[in-house]
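In case you want the letters, here they are:
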Amino acid sequence: MAKRMCLILTILFLSSCNELQQVVNQLPQGTVLSNEEIANGLKAALDKGVDQQVSKLAQTDGFFKNELVKILLPEELRKVDKTLRDIGLDNLADEGLRVLNRAAEDAVGEATPIFINAIKEITFTDAKSILLGDDKAATTYLINRTETELYNKFNPVIKSSFEKVGADKIWNSLINRYNAIPLTNDVNPDLTDYVTTKALDGVYTMIALEEKEIRTKVSSRTTDILRRVFAMQD
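Residues numbered from 1 in each chain as written. Predicted model: local features only at pLDDT ≥ 70, side-chain atom pairs only at ≥ 80, totals over all residues. Heavy atoms only, no water.

## A look at the confidence of the model for the protein
Going by this rule: You can read pLDDT as the predictor saying how much it trusts each residue, on a scale of 0 to 100. Only runs of H or I of at least four residues qualify as helices and only runs of E of at least two qualify as strands under DSSP, and these elements are numbered from the N terminus. Contact between two residues is taken to exist if any of their heavy atoms lie within 4.5 Å; hydrogens are not considered.
Looking at the protein, the pLDDT average stands at 77 and 77% of residues meet or exceed 70. Ranking the elements of the protein by mean pLDDT puts helix 1 (residues 2-26) last, at 37, and helix 7 (residues 137-165) first, at 92. Counted against residues more than four places away or in other chains, residues 1-30, with its pLDDT under 50, gives ten contacts.

In structure tokens:
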């Protein structure tokens, strides 16, 4: 048993060495990157994602006119939207959706400082795992580090935005009446929670988009540190 265990450990060790050697072999000839440079490269990539994508979401129509992240009604209530449009009340239907998306746009301004703090905390171990991970590894890191804090920041901002126009009372009444109809699937009556969750989904969707661009397109690596570090995973 002891010999077998030693053999297994030896195989695992050699496999790890082989994987690391493959990474080294992928570097351009003569390239030497320190642990700090690798970590800084990943931080630069995430900074770029936040700057390029999250800031856009905080602008007017950042959600409403972006089909990737536009917040729609809960699926069970979309027939309400369809009915309004079928009878020519497109403007009213659009206004209902605009209220949801404006609330998300208001909230996203709270995201940047939280992302910056999470990015600053990236260690070399984190960076190595992210670099050799899948196309969303950096985004997944941010989700794990920021989701709860962002929810707690977004929620009161969205709630306040709804209260300004009375949307919270209107939608809560509508949803509670819908849920009382027999044989229907219940919809979350907390519109603030629904939009907060969708706003978070939108933020991470756009960061993932920027991450994929940097990983797959050399032209998206706009600084020397991005080009040097991401050459390791090409």
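## A short note on a nonpolar patch on the surface
Applied cut-off: Two joining distances apply to patches: 9 Å for like charges and 5 Å for nonpolar side chains (Val, Leu, Ile, Met, Phe, Trp, Tyr), and every residue must have over 30% relative accessible area and no salt bridge. Accessibility throughout is a Shrake-Rupley quantity obtained with a 1.4 Å probe, and a residue counts as covered only by protein chains that appear here. Each reported salt bridge corresponds to a side-chain nitrogen of Lys or Arg within 4 Å of a carboxyl oxygen of Asp or Glu.
A cluster of nonpolar side chains, namely I87, L89 and L92, defines an oily patch on the protein surface of about 280 Å² accessible area. Here L92 is to be found in helix 4 (residues 90-108).

## Some remarks on the environment of E211
Note on placement: E211 falls in helix 9 (residues 191-216). In the structure, E211 is positioned 72 residues away from T139 in sequence and 7.4 Å away in space, judged by C-alpha atoms. Among all residues touching E211, those that are not within four sequence positions of it are D134, D135, K136, A137, A138 and T139.

## A look at the packing of aromatic side chains
The cut-off we apply is this: Here a Phe, Tyr or Trp ring, Trp counted by its six-membered ring, pairs with any other such ring whose centre lies within 6.5 Å, and the pair is stacked when the planes are under 30 degrees apart, edge-to-face when over 60, and tilted otherwise. For every residue, the accessible area (1.4 Å probe, protein chains only) is compared with the maximum for its type, and the residue is labelled buried under 20%, exposed over 50%, or partly exposed between those bounds. Criterion for a charge above a ring: Arg CZ or Lys NZ at most 6 Å from the ring centre, at most 35 degrees from the ring normal.
Taken as a whole and assessed by the stated rule, the structure comprises one aromatic pair. On the basis of an interplanar angle of 80 degrees and a centroid distance of 6.2 Å, the ring pair of F115 and Y204 is categorised as edge-to-face. Pair noted here: F115 is in helix 5 (residues 111-120) and Y204 is in helix 9, with a separation of 89 residues, a long-range link. For the pair F115 and Y204, a shared accessibility class is recorded, and that class is buried. Positioned above the aromatic ring of F64, the side-chain terminus of K70 is 4.6 Å from the ring centre.

## Examining the packing of helix 4 against helix 9
Our working rule: Only the stretch in contact is used when fitting a helix axis, every axis being a line fitted to C-alpha atoms; angles between N-to-C directions are given from 0 to 180 degrees. Working definition: roughly parallel below 35 degrees, roughly antiparallel above 145 degrees, roughly perpendicular at 65 to 115 degrees, and oblique for all remaining angles. A crossing counts as left-handed when the near helix is turned anticlockwise from the far one by less than a right angle, and as right-handed when that turn is clockwise. Each residue receives one of three labels: charged for Asp, Glu, Lys and Arg, nonpolar for Ala, Val, Leu, Ile, Met, Phe, Trp, Tyr, Cys and Pro, and polar for the others, Gly being one of them.
Packing of helix 4 against helix 9 brings their axes to within 9 Å, and their N-to-C directions diverge by 60 degrees. Classified by the angle their axes make, helix 4 and helix 9 are oblique. In this structure, helix 4 crosses over helix 9, and the sense of that crossing is right-handed. In this structure, helix 4 contributes L100, A104 and V108 to the contact, and helix 9 contributes L191, V195, A199 and V203. When the residues that make up the contact of helix 4 with helix 9 are grouped by side-chain class, the tally is seven nonpolar, no polar and no charged.

## Some points on helix 4
Just so we agree on the cut-off: In a helix, the anticipated span is given by 1.5 Å times the number of residues less one.
Between its first and last C-alpha atoms helix 4 spans 27 Å; for 19 residues at 1.5 Å apiece the expected length is 27 Å, and the two agree. All of the buried residues in helix 4 are A93, G96, L97, V99, L100, N101, A103, A104, E105, A107 and V108.

## Details of the packing of helix 4 against helix 7
Following both chains from N to C, one finds helix 4 and helix 7 inclined at 140 degrees, their axes separated by 8 Å at the closest point. Considering their axes alone, helix 4 and helix 7 lie oblique with respect to each other. Between helix 4 and helix 7 lies a crossing of right-handed hand. On the side of helix 4, the interface is formed by V99, L100, R102, A103, A104, D106, A107 and V108, while helix 7 contributes F154, V157, I158, S161, F162 and V165. Per-class residue counts for the contact of helix 4 with helix 7 are eleven nonpolar, one polar and two charged.

## Observations regarding the nonpolar core
Applied cut-off: Among buried residues, the Ala, Val, Leu, Ile, Met, Phe, Trp, Tyr and Cys ones that are joined through side-chain atoms within 4.5 Å form a nonpolar core.
In this structure, F115, F154, F162 and V195 are the most contacted members of the largest nonpolar core, which totals 53 residues. Here the element with the most residues in this core is helix 9; it accounts for ten residues. Excluding anything up to four places from it in sequence, V195 contacts I71, L100, A104, I158 and F162.

## A few points about unusual backbone geometry
Positive phi values are uncommon outside glycine, yet D61 reaches one of about 70 degrees. Mapping D61 onto the fold places it in the loop between helix 2 (35-57) and helix 3 (78-86).

## Structural notes on the side chain of E105
Short version of the rule: Any pair of N or O atoms that falls within 3.5 Å is considered a polar contact. Within protein, one atom must be able to donate a hydrogen and the other to accept it, and sequence-neighbouring residues count only if both atoms are side-chain atoms.
Within the fold, E105 resides in helix 4. A polar contact is formed between the side chain of E105 and the backbone nitrogen of D61, at a distance of 3.2 Å. Polar side-chain contacts of E105 include one of 3.3 Å to the backbone nitrogen of G62. Once residues lying within four places of it in the same chain are set aside, the contact partners of E105 are L57, A58, Q59, T60, D61, G62, F63 and F64.

## Notes on helix 6 (residues 124-131)
Which entries qualify depends on this criterion: For this quantity, the arc is that covered by the directions from the helix axis to the C-beta atoms.
Of all the positions in helix 6, only D126, A127, I130 and L131 are classed as buried. Buried residues in helix 6, looked at end-on, bunch into an arc of 125 degrees, giving them a common side. Against helix 2, helix 7, helix 9 and helix 10 (224-230) lie the buried residues of helix 6.

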